[in-house]
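Report on the structure
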Amino acid sequence: MKYTYAIRKIFDADLIVLHVVTSSQKLSKKETTNLLLEEKNRLRDFCSSQLGDSLKNFDLTISVVTGESPIKGILDFVKDMNLQMLVIGACGAGPIRELLFGSLAKEMITHPEFPILTIPQAYEYKTPKRILYTTDFEEEDIFYLKKLVETFSTHISKISVVHIIKKDDKPEKIKEQEEKFEKLKLANFDSSKLEYELIYSNNVVDALSNFIKEEDIDIVAMLERKNQQKSNLLHKDVVKQIYSSVKVPLLIFK
């Protein structure tokens, strides 16, 4: 929440802190109203304790809703409010909360219906300077690269556009990917913020993790790929591995 409160200005967005209440018991209308009021007070106290001041001094809205499940409650809320992005913690405090929050985030990022930003546990906010964008030569890549440049233009120094080529692919497939990468560079808009790099590795997750560490990346941005069967980058199991291993915020575009 601290990270989201800080970064909301970059996105020029209003912040809503959401809590979904689920209950296995059938509650009356009065019981539901009382439960929501109680949870809203708890959420207000939590926000104040985390941000270090009275909630009235912060530019945010709190909301508590009921849902069949946390995921269903979140999805319904985002759709009803027509929100531009969901930010979710990658895990909680303690093994049980980590299991719940971790599985929730994994489920959300493998079935994205809108942009999702996941924040690793205890990640300290700093103004993003370097962004990694993974490409598999989809038409939407240029759209989202432009969006990243526009959104972060006054903050970032570079957006690294990276494609992973498997070293044990057939030579003709490697050549084809290299040619596509060159076309992407030529077809893209002119921006001093962009740099391009091919990485040759049979382990996508290790290659990206190493790049993130070596280049001091602040945010990893990825696009949900339509051609999952042809993609090295966004098979669902690869997404989960990247989510679990990457220690920086992960932004998934639909």
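Above this text is the structure in question.
Summarised in this report is the structure supplied together with it. (Residues numbered from 1 in each chain as written. Predicted model: local features only at pLDDT ≥ 70, side-chain atom pairs only at ≥ 80, totals over all residues. Heavy atoms only, no water.)

Quick look at the overall build of the protein
- Scanning the protein for helices and strands turns up eight helices and nine strands.
- Burial statistics for the protein: of 254 residues in total, 44% are counted as buried.
- When contacts within the protein are restricted to residue pairs at least 6 apart in sequence, those whose partners lie at least 24 apart make up 77%. (Helix = DSSP H or I, 4+ residues; strand = E, 2+ residues; numbered from the N terminus. Buried < 20%, exposed > 50% of the residue type's maximum accessible area, 1.4 Å probe, protein only. Contact = heavy atoms within 4.5 Å.)

Quick word on the nonpolar core
- Core analysis: the biggest nonpolar cluster contains 44 residues, and Y133, L148, I159 and V220 have the highest contact counts within it.
- In terms of residues, this core owes the most to one element, helix α7 (residues 204-215), which gives six residues.
- By size, the runner-up hydrophobic cluster in this structure holds 12 residues, among which are Y5, L51, L55 and F58. (Core = buried A, V, L, I, M, F, W, Y, C linked by side-chain atoms within 4.5 Å.)

Re the packing of aromatic side chains
- One pass over the full model with this rule turns up eight aromatic pairs.
- Judged by centre distance (4.3 Å) and plane angle (20 degrees), the ring pair of Y144 and F253 falls under stacked. With a gap of 109 residues between them, Y144 in helix α5 (residues 140-152) and F253 in strand β9 (residues 250-253) connect regions that are remote in the sequence. The burial state of Y144 is the same as that of F253; both residues are buried. (Phe/Tyr/Trp six-rings, centres within 6.5 Å; stacked < 30°, edge-to-face > 60°.)

Quick word on helix α6 (residues 171-187)
- For α6, spanning 17 residues, the distance from its first C-alpha to its last is 24 Å, which sits close to the expected 24 Å at 1.5 Å a residue.
- Turning to α6, its buried residues are I174, Q177, F181 and L184. Taken end-on, α6 shows its buried residues confined to a sector of 80 degrees, consistent with a single buried face. The outward face of α6, more than 90 degrees from its buried face, is lined by the exposed residues P171, E172, K175, K183, L186 and A187.
- Where the residues of α6 are buried, they touch α5, β6 (158-165) and β7 (194-200). (Expected span 1.5 Å × (residues − 1). Arc of directions from axis to C-beta.)

Description of the pattern of salt bridges
- According to the stated counting rule, one finds eight salt bridges in the structure shown.
- One salt bridge connects D76 with K72, and the closest N-O pair in it is separated by 2.8 Å. Here D76 pairs with K72, and both are found in helix α3 (residues 70-81), just four residues apart, close to one helical turn.
- On the basis of relative accessible area, D76 is assigned to the partly exposed category, the value being 31%.
- The class for K72 is partly exposed, based on a relative accessible area of 34%.
- Here the residues in one salt-bridge network are K126, D216 and D218, joined through shared partners. (Salt bridge = Lys/Arg side-chain N within 4 Å of Asp/Glu carboxyl O.)

Thoughts on unusual backbone geometry
- Within the chain, N82 stands out as a residue other than glycine whose phi angle is a positive 55 degrees.
- Counting through the fold element by element, N82 comes out in the loop between α3 and β3 (86-89).
- For N82, a relative accessible area of 67% puts it in the exposed group.

Some remarks on the pairing of strand β4 (residues 116-119)
- Neither face of β4 is exposed, since I116 and T118 on one face and L117 and I119 on the opposite face are all buried.
- Judged from the four bridges that link them, β3 and β4 form a sheet pairing that is parallel. If you follow L86 over to β4, its bridge partner there is I116.
- Across three bridges, the pairing between β4 and β9 is antiparallel. Bridged to T118 within β9 is L250. (Pairing = 2+ DSSP bridges.)

Quick look at the sheet that holds β3
- With respect to topology, seven strands assemble into an open sheet ordered β3-β4-β9-β8-β5-β6-β7, the strand pairing being mixed. At either end of the open sheet lies a strand with only one pairing partner, and these are β3 and β7. With strand direction ignored, the average angle separating the axes of adjacent strands in the sheet is 20 degrees. (Axes fitted to C-alpha atoms, helices over the stretch in contact; angles between N-to-C directions.)

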